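Structural overview
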Amino acid sequence: MFNITRRTLLGSAAAAAAFGLPRQLEFVMPASAEPPVEPLTGHYKYKVGSVEVTAIYDGIWRKPHDPAFIKNASVEDTKAALAKAGLTTEFMPIPLTVVVLKVGDRLIMMDAGSGVGQWQANATHLPANMKAAGIDYTKIDTLMISHFHPDHVWGLMDKETNAPVFPNAELIVNATEYNWWTDPGRVDKLAEGRKAAGRRIASIFPTWKNWKLVEDGADVAPGIQMIAAPGHTPGHSVFLVTSGTEQLLVSADTMYVPALLAPHPEWQGSYDQDGPTAITTRHKLIDRVIADNIRICGSHFPFPGSGTFVKDGNAYAFTPTAQV
Ligand SMILES: [Zn+2]
């Protein structure tokens, strides 16, 4: 066994000859087995039927390892799962990608992103990457919100003034999620670590008039259905996009770090507000995606935020879409 660097292989016909391989074989070896933490590009477009999907990178939380992150797994267990997926084990990599759909001439943004450093200091890339993708955020017609955790909704508000960033867009959310977080007695009942976020939500969101509260199964746009996916939060929801014979499930945080939860769907993340319900939801949706050959994207999947699941006993194997 010997090591070959990328440099010695790229375009080297001589190397091909030396190895007794056909000359036309192209060597494109990864520089290292570990994919880069930050993506090579900030946006990525693909089609689902006639719907144009643009995945836009916001940033990454380099979360220090924490024994409380997964309630029923140790830090060693989570590191082993990361290593098996070919990811860094130096920290817990939690990237954030936001998807914008172009349906006809309508622009629909799926969650609002984390609000330029309001969630993590280095998750600031959404506006620039959106602009580079040719999308003007002032032209967004509709936002569909999966749930009210900061990384998904702080992008709705200005960091200093809490002024709405999308005052004229329609904001669609599961009524269960909205009502839970804005319940007058909620803040007092929240865990200490959630109180500040809860207070901001409860004091600002009800002052906006552009919310549209919907129920499980609602058709929220032509070809888009909201499906309740509770557990991560009480009203956590996913969106099923159908165009022609193709479908895409915008799965939000159902399977948030697939390197961990695909092989261990029974692991309970500390961010799953109701762990057992989150596990039931996870199995139900991923089994459906596999059975019905539905494409899937997730907010915290490695960029570009999509990939493929297959069954592996009672668990799953996940292959991320390659970065471009
Ligand atoms: Zn999230």
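Model, not experiment: these values are computed from the prediction.

Regarding the overall build of the protein
The secondary structure content of the protein amounts to 10 helices and 14 strands. For the protein, with 324 residues in total, the buried portion stands at 51%. Counting only contacts in the protein whose residues sit at least 6 apart along the sequence, the fraction spanning at least 24 positions is 65%. Accessible surface computed for the protein: about 15100 Å², of which carbon and sulfur atoms make up 54%.

Observations concerning the nonpolar core
Residues Leu 249, Leu 260 and Phe 309 are the most contacted members of the largest nonpolar core, which totals 34 residues. If you list the elements that add at least two residues to this core, you get helix H3 (75–84), strand S3 (92–103), strand S10 (237–243), helix H9 (258–261), helix H10 (275–291) and strand S14 (315–320). Leaving out residues up to four positions away in the same chain, Leu 249 has contacts with Val 238, Phe 239, Leu 240, Leu 285, Val 289, Ile 294, Arg 295, Ile 296 and Cys 297.

A short note on the coordination of the zinc ion
Within the first shell, the zinc ion binds the protein through Asp 151 (OD), His 152 (NE2), Asp 253 (OD) and His 300 (NE2), at distances of 2.1 to 2.2 Å. Between the 4 donor atoms coordinating the zinc ion, the angles at the centre fall across 85 to 166°, so the site counts as irregular. Between consecutive donor residues of the zinc ion, the sequence gaps follow D-H-x100-D-x46-H. The two residues Asp 151 and His 152 agree in class, both being buried.

So, the pairing of strand S4 (residues 106–110)
Judged by how many residues are buried, S4 sits mostly within the fold: 4 of 5 residues are covered. Pairing between S3 and S4: 5 bridges, direction antiparallel. Note that in S4 the partner of Leu 101 across the bridge is Ile 108. Counted between consecutive antiparallel strands, the loop separating S3 from S4 contains 2 residues, among which Gly 104 sits at a positive phi close to 65°. In terms of strand pairing, S4 meets strand S5 (residues 142–145) through 3 bridges, oriented parallel. Each bridged residue has a counterpart across the sheet, and for Met 110 the counterpart in S5 is Met 144. In this fold, S4 hands off to helix H4 (residues 126–132), which returns the chain to S5; that crossover is right-handed.

Definitions and cut-offs
- Counting starts from 1 at the beginning of each chain's written sequence and moves along it residue by residue.
- Totals for whole chains, interfaces and linings use every residue, but because this is a predicted model, local features are given only for residues with pLDDT of at least 70 and side-chain atom pairs only at 80 or more, for both listing and counting.
- To get the side-chain values, all heavy atoms of the structure are used, and hydrogens and water are removed first.
- Note on conventions: DSSP H or I runs of at least 4 residues are helices, E runs of at least 2 residues are strands, and numbering of each starts at the N terminus.
- Exposed residues in this analysis have more than 50% of their type's maximum accessible area, buried residues have under 20%, and partly exposed residues fall in between, with area computed by a 1.4 Å probe over protein chains only.
- Throughout, a residue-residue contact means that at least one pair of heavy atoms, one from each residue, lies within 4.5 Å.
- Note that accessible areas follow from Shrake-Rupley with a 1.4 Å probe, and for residues the cover is restricted to the protein chains shown.
- Take the buried Ala, Val, Leu, Ile, Met, Phe, Trp, Tyr and Cys residues and link them wherever side-chain atoms come within 4.5 Å; each set so joined is a nonpolar core.
- Here the coordinating atoms are restricted to nitrogen, oxygen and sulfur within 2.8 Å of the metal centre, or 3.2 Å for Na, K and Ca, and because water is not among them the sites may look incomplete.
- Any coordination sphere not matching a tetrahedral pattern (four donors, all angles between 85 and 135 degrees) or a square planar or octahedral pattern (four or six donors, opposite donors over 155 degrees apart, other angles between 65 and 115) is reported as irregular.
- Strand pairing is assigned whenever DSSP detects at least two bridges linking the two strands.
- Crossover handedness is defined by viewing with both strands directed away from the observer: a clockwise path from the first strand over the helix to the second marks the crossover as right-handed.

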